[in-house]
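# Summary of the model geometry
Chain by chain, the residues run as shown.
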There are 2 protein chains.
Amino acid sequence: MKLPFINKPTLILDEKRCRNNIQNVADRAKNAGCILRPHFKTHQSLEIAEWIRSAGVTGITVSSTSMANYFASGGWNDITIAFPFFRAQLNDLKKLEKTCKLRLFVNETADLEYLNQNLVNPFDFVIEIDPGFGRSGVDHQNYEQMNALIHTSEILEKCSFHGFYIHDGRSYQAKGANQIKKVISTSISVLKSLKNKYPQASVSLGDTPSSSVLEPEDLEGMDELTPGNFVFYDWMQVQIGSCSLDDVALFIVLPVAQRFENQKRAMLHGGAVHLSKDFIFENEIQNFGQQVSFSLSDIVADEGSFITALSQEHGTLSGVTHKTGDDLVWICPIHSCLTANLHDHYRATDGRKIEKRILS
Amino acid sequence: MKLPFINKPTLILDEKRCRNNIQNVADRAKNAGCILRPHFKTHQSLEIAEWIRSAGVTGITVSSTSMANYFASGGWNDITIAFPFFRAQLNDLKKLEKTCKLRLFVNETADLEYLNQNLVNPFDFVIEIDPGFGRSGVDHQNYEQMNALIHTSEILEKCSFHGFYIHDGRSYQAKGANQIKKVISTSISVLKSLKNKYPQASVSLGDTPSSSVLEPEDLEGMDELTPGNFVFYDWMQVQIGSCSLDDVALFIVLPVAQRFENQKRAMLHGGAVHLSKDFIFENEIQNFGQQVSFSLSDIVADEGSFITALSQEHGTLSGVTHKTGDDLVWICPIHSCLTANLHDHYRATDGRKIEKRILS
């Protein structure tokens, strides 16, 4: 390991682990007969995108037109914008369609007509299905709306119906492969029955836990997987059972600013603006970041030692049992997507800078 | 109001309200005989800093050496770094001391000696007092440590003891002026008794609720106020009672991406990467952002309508009772410091861009 001089919160990315995660999920998708169309919101890096391209990926998923634009600048030309279309996106889409084949999430027939009228090139549209999670898309039982959308697309020249998509965030509440399977089986049933009803449709599943643990037989009938977080994973995914700590590829190194040996506590230079305020509960205590010990290629969790409070730039590390004499603390982030979003680069373990996009 | 075309989450800053907040707290400090040395972590903008300079402020407070460096580049030369000193800061401090008078938070006598040896110019140091909040600093009863620090500073040529500082985050749990007074009275008592013990010491109080509601008689004996959030305020401060909604100067405008009229719900383009995941509870439901209606200079809260769930870029607005036909929704942020941190500029209500620093 060749780290730079660290005097502020610094993201460390283990390229080998990251590439392993990419290959593992690519293999899982292939074995299940699915296309992997990963969500790039997690890493937001053209360089990491190339690692994913090396694993055979050609089509990608993003969550905004500005993110699409960033990746288009890196030569990606088959982009799904996995966010409900709204009309203020139009100007961005008109630029994007010059170099990219676009796949859009559309919920209203009037919007299909609007896009057909205002875009120049053909585009695909996807019906996002809400399986009962209550976020976005068309309710899984609202066949009237699905029929209307598909029927409208058939009479519009530029618009092709591609299929259905579900991101079922409920799998992030699961613990262990069996619970993940159980939670996600509802969404898989919904997609299967939609495929029976609309045989021309492709069906796509979006969450990281499913893509990480479901077996080919569980995924039978699925056409596409679009997870994002799997490139890095994080402490939340370790708790869910999507991965082990040995798979986590992203850590944040924080300088120790003050030690309270008697109270097994330390004050870290690392706050909400470096980690995000996402947390999980650990025995009813908030965990904003799990301490780990890092030596050579071995990483172990320092059980019971985690960040229990965050101000803007202060992090309170509680339960510290050893190594408080160190100047730096390694933290496994709770939610790597949000932590990565707060930084403008990663450091590889060889000290090299890996650029990323900032500010979504 | 002259807003730009908005197709993504956009911060709107009301300059008039912001300047009023600055003047109000400057007047309060003056009436209480205190110096106002505001914390600049909230706005992180050289332009807003000039508005504060116009109110007579010359010394400022920041939370990192990089933030100090940013404001030093704008001509600020009397800077308190309100974060426990740690040795990896040294190189940054050596650059800063070339143009700035520095005031540092130091907890260890060895660190005073280290600074005395390694810095070129004289510097002030402050003892941060932990009044029982459990974040950083020296415990309010640890006189042995205070004596050691003050004694050490007396024999070191470059190092001058300035005084004591308390940021009591417990006032953020209060509701109403009376509770704020009650909560903060403990910290004020601690500072007063320290001043009795060490008459040469200046004493400083750091939280926004106190600076916003305490009367001169409550602040008797205090020498300095260092609040940060008061320039913008936010929905949390409205709930605490530090201000009214009419004082809030920062809003975020989010495009509506999907409407669910039957369920009084809308999906907004605005997620954790635009708002931060800070929330307050509203009748046991998480509120990540309060909807307001904005017309001319009138802003009213849309009672019961707030963001109840956030993904990375999706925000679920629940309880929507009207105006869902609008393409844009105005949100009063829960915690303006963290929301502002996620953006690289503000828009004034006349459409003008106000630059700010990004990534702490």
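So, here is what we can say about the structure in this document. Keep in mind it's a predicted model, so treat the numbers as computed, not measured. Starting afresh in each chain, residues are numbered from 1 along the sequence in its written order. Chains and ligands are labelled by the order in which they are written, letters from A for the one and numbers from 1 for the other. Confidence filtering applies because this is a predicted model: local features only for residues at pLDDT of at least 70, side-chain atom pairs given and counted only at 80 or more, and all residues used for totals across whole chains, interfaces and linings. Heavy atoms throughout the structure, all of them, feed into the side-chain values; hydrogens and water do not.

### Some details on the packing of aromatic side chains
Working definition: an aromatic ring pair is given by the centre-to-centre distance plus the angle between the planes. For clarity, the threshold we go by: Between 30 and 60 degrees the pair is tilted, below 30 it is stacked and above 60 it is edge-to-face, where a pair is any two Phe, Tyr or Trp rings, Trp via its six-membered ring, whose centres lie within 6.5 Å. Here a helix means four or more residues in a row that DSSP labels H or I, a strand means two or more in a row labelled E, and each is numbered from the N terminus. Three exposure classes are used, based on accessible area relative to the maximum for each residue type with a 1.4 Å probe and protein chains only: buried under 20%, partly exposed in between, and exposed over 50%. Charges are assigned to positions over rings by a cutoff of 6 Å between ring centre and Lys NZ or Arg CZ, combined with an angular limit of 35 degrees from the ring normal.
Under the definition given, this model contains 26 aromatic pairs over all chains. On the basis of an interplanar angle of 85° and a centroid distance of 5.3 Å, the ring pair of Phe40(B) and Trp76(B) is categorised as edge-to-face. With Phe40(B) in the loop between strand S2 (35-36) and helix H2 (46-54) and Trp76(B) in the loop between helix H3 (65-72) and strand S4 (78-84), this residue pair connects regions lying 36 residues apart in the sequence. Judged on exposure class, the residue Phe40(B) and its partner Trp76(B) are both buried. The structure contains a cluster of three or more aromatic residues connected by ring pairs, namely Phe40(A), Tyr70(A), Phe71(A) and Trp76(A). A cation sits over an aromatic face here: Arg87(A) above Tyr114(A), 4.3 Å from the ring centre. In this structure, Lys197(B) is placed above the aromatic ring of Tyr143(B), and the distance from its NZ or CZ to the ring centre is 4.7 Å.

### Details of the pattern of salt bridges
Any two side chains of opposite charge can pair, given that their charged atoms come close. Counted only if it meets this: A side-chain nitrogen of Lys or Arg and a carboxyl oxygen of Asp or Glu constitute a salt bridge if their distance falls within 4 Å.
What the rule picks out here adds up to 32 salt bridges over all chains. Note that Lys277(A) and Asp278(B) form a salt bridge whose closest N and O atoms lie 3.1 Å from each other. Placement of the pair is Lys277(A) in the loop between helix H10 (272-275) and strand S13 (280-282) and Asp278(B) in the loop between helix H10 (272-275) and strand S13 (280-282), with the two residues belonging to separate chains. Take Lys277(A) and Asp278(B): they sit in the same class, and that class is buried. Here Glu50(B) ties to Arg53(B) by a salt bridge, and the two come within 3.0 Å at their closest N and O atoms. Highlighted residues: Glu50(B) and Arg53(B), both in helix H2, separated by three residues, approximately one helical turn. In this structure Arg53(B) comes out as partly exposed when scored by relative accessible area, which is 31%.

### Describing the nonpolar core
Filter applied, for reference: Residues grouped as a nonpolar core are buried Ala, Val, Leu, Ile, Met, Phe, Trp, Tyr and Cys residues, joined through side-chain atoms within 4.5 Å. Contacts are residue-level and defined by heavy atoms, with any inter-residue pair within 4.5 Å sufficient.
If you look at the biggest cluster of nonpolar residues, it comprises 226 residues, and the most contacted ones within it are Leu13(A), Ile127(A), Phe164(A), Leu13(B), Ile127(B) and Phe164(B). At eight residues, strand S11 (residues 250-260) of chain B tops the list of elements feeding residues into this core. Setting aside its immediate chain neighbours within four residues, Phe164(B) contacts Val126(B), Ile127(B), Ile129(B), Met146(B), Ile150(B), Leu191(B), Leu194(B), Tyr198(B), Ala201(B), Ser202(B), Val203(B) and Ser204(B).

### A word on the interface of chain A and chain B
Just so we agree on the cut-off: By definition, the buried area sums, over both parts, the 1.4 Å-probe accessible area that each loses when the two are put together. Residues adjacent in sequence count toward polar contacts only when both atoms are side-chain atoms; beyond that, a polar contact is any pair of N or O atoms within 3.5 Å, and within protein one must be able to donate a hydrogen and the other to accept it.
Listed per partner, the contact involves 52 residues of chain A and 52 residues of chain B. Regarding the contact of chain A and chain B, the summed buried area is about 4200 Å², with carbon and sulfur atoms giving 57% of it. Joining chain A to chain B, the criterion identifies two salt bridges. The interface formed by chain A and chain B contains 18 residue pairs in polar contact (both at pLDDT 80 or more).

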